[in-house]
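# Commentary on secondary and tertiary structure
Now for the letters of each chain:
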Amino acid sequence: MSDSKRYSTLVNNTLLFAISNFGSKVISLVVQPYLSYVLDSPDVMGVTSLMQSVANLLIPVVSLGVSFAVIRFGLDRSVDKASVFMNGLATICTGFALMLVCWPLVGMIPGAGEYLVLIYLCVLMSCLRTLCTQFIRARMLNRLVALDGVLTSASLLAFYYLFLDVLNLGANGYLLAMACSDACSAVFVFLVGRCSAFFRLRKFSASLWKEMLRYCVPMIPASISFWVINASDMFYVQGMCGGVDGHSSTWWVGLLKSGYYLPQIITIVGQIFYEAWQLSAVTEESERQEFFSRVFRVYASVMFCCAAGVVWLCQPMMHIFREDYFLGWQFVPFLTLASLCTCLNNFLNSVYVVYKRSTSSLYTMLAGALANLVLNYFFIRWLGPWGVTLASFLSLFLVFLLRAYSTRGLLVIDFHPVWMAVNLALILAEIAILFTAEHWVLPVTVLTAVVCALNFREVFTMVAKLFGMVRGRVRRG
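Residue numbers restart at each chain and count upward from 1, following the sequence in its written direction. The model is predicted, so local features are restricted to residues of pLDDT at least 70 and side-chain atom pairs to those at 80 or more, both for listing and for counting; the totals for chains, interfaces and linings are taken over all residues. Side-chain measures here rest on the full set of heavy atoms in the structure, leaving out hydrogens and waters.

## A short note on the packing of aromatic side chains
Stacked, tilted and edge-to-face are the three classes applied to pairs of Phe, Tyr and Trp rings, where Trp contributes its six-membered ring and a pair requires centres within 6.5 Å; stacked means planes under 30 degrees apart, edge-to-face means over 60, and tilted covers the rest. Within this structure, the stated rule accounts for 26 aromatic pairs. With centroids separated by 5.2 Å and ring planes inclined at 80 degrees, the aromatic side chains of Tyr377 and Phe378 adopt a geometry described as edge-to-face. The exposure class assigned to Tyr377 is partly exposed, which follows from its relative accessible area of 35%. Taken together, Phe292, Phe296, Tyr299, Phe347, Phe400 and Phe415 form an aromatic cluster joined through their ring pairs. Residue burial is assigned from relative accessible area. The probe radius is 1.4 Å, only protein chains are included, and a residue is buried under 20% of its type maximum, exposed over 50%, and partly exposed in between.

Structure (structure tokens):
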């Protein structure tokens, strides 16, 4: 494929996911502030967040990380797609059966006993939905993936309204809404994506299953390590922050959950790009080193500009929540940097995906998880509940450094370290001023503008390309 063609394909796919996912992403940004009003207090928000984290911990264990194998092997032209689908389904059924056997053990997770049935339901529906969506993504049905994202977000909002606003079921309603939304999505994709045509029991392949498990099983501890870095914060706050400033531990967990709202913008931008990028990363085989380096520079530029903007807006934007959530802005700055690192880490993980080196993904994430467990404890003791956000950032930054080093044995990417260090230093300066200066607006605004100016060329190039494609589509329409 020619050089211009491969970049056009990447930009075209990114544009497709951005336009098609616009509705779903807008809905997802509405949900969190809505929950702050419909749930009784930050305490209830804290309980729901903890139970959702328990479900997120169990999902990679039950699925054995098979969703990673489904898309990777599904993209291989030489592999029978029906065998990929049946092997994935067999993995989930086996994993869920084992989790049923472990019912008493799972019930020992703090606070989970009361919600165990709903947690199991959430886990099963999420695994089935992920299997179906990853399978149609492997078949390049990108428009259907995007449509499903919109419908799933809309149905989730509708179920939230039904179970929380109308029926007032509290934490039970929160979990039930997630399970119902995932179930609707799984059925929709299975039928519309014609997954039924690949549902053939005789297509189960033991030899391919072994190969897929060899690839995806290392993803289980890697996913758990990612969970440790991103979700264990809540359990640390739950266990160590009761009574801080006269508030309960679940109150602080609810406030921490609200702090994830603005960094979600970074995650959304990164996710839209990554959905398109992983297709190009696997299928584009020539001149990968230059391709990865150029795309990384543009991608990181966009991420740095978004991060600087989120830090700049974190105080005024928290006013969209109910008044007792405003202090949540103090969790936002370092969570934003953590989200930035997550996006960059996902980019580097695509190198492991291309070369099927899932063990490298495991080792790097495991190192970050261990660092996070230690840092959480000490930073909470020194800084209070806000310490977990700094711990998350430093742990994910460690993962980035390890992946930047380890991927060089597979593919040499030019990271422009001086440029990256300057960007990071400017955003850290923003954060320092935000926490220490009473009149922070002008200096933080100036620093945000400097970050945008520093990355203007790369961002402008991408925006111009996207605008050109949009204009071309409009003319053709």
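So that's the structure; there's more coming.
## Regarding a nonpolar patch on the surface
Exposure above 30% relative accessible area and the lack of any salt bridge qualify a residue for a patch; like charges then connect within 9 Å, and the nonpolar side chains Val, Leu, Ile, Met, Phe, Trp and Tyr within 5 Å. Areas reported as accessible are Shrake-Rupley estimates using a 1.4 Å probe. Residue values count occlusion only from the protein chains shown. Whenever Lys or Arg places a side-chain nitrogen within 4 Å of a carboxyl oxygen from Asp or Glu, that contact is recorded as a salt bridge. There is a patch of nonpolar side chains on the surface, built from Leu366, Leu370, Leu373, Val374, Tyr377, Phe378, Trp382 and Leu383 and spanning about 780 Å² of accessible area. A run of H or I in DSSP counts as a helix once it spans at least four residues, and a run of E counts as a strand once it spans at least two, with each numbered from the N terminus. Residue placement: Leu373 occurs in helix α16 (residues 358-383). Among the residues examined, Leu373 registers a relative accessible area of 34% and is labelled partly exposed.

## So, the pattern of salt bridges
Under the definition given, this model contains 3 salt bridges. The salt bridge involving Asp80 is made with Lys203; its shortest N-O contact spans 3.1 Å. With Asp80 in the loop between α4 (66-74) and α5 (81-101) and Lys203 in the loop between α9 (170-192) and α10 (206-216), this pair connects stretches of sequence that are 123 residues apart. Note that Arg322 and Asp324 form a salt bridge whose closest N and O atoms lie 3.2 Å from each other.

## A word on the environment of Glu458
Mapped onto the secondary structure, Glu458 falls in helix α20 (residues 456-476). Taking the relative accessible area as the measure of exposure, Glu458 reaches 7% and is therefore buried. Taking the C-alpha atoms as reference points, Glu458 and Arg294, 164 residues apart in sequence, are found 9.6 Å from one another. The contact criterion used is simple: two residues touch if any of their non-hydrogen atoms lie within 4.5 Å. Residues in contact with Glu458, not counting those within four places in the same chain, are Arg297, Val298 and Ser301.

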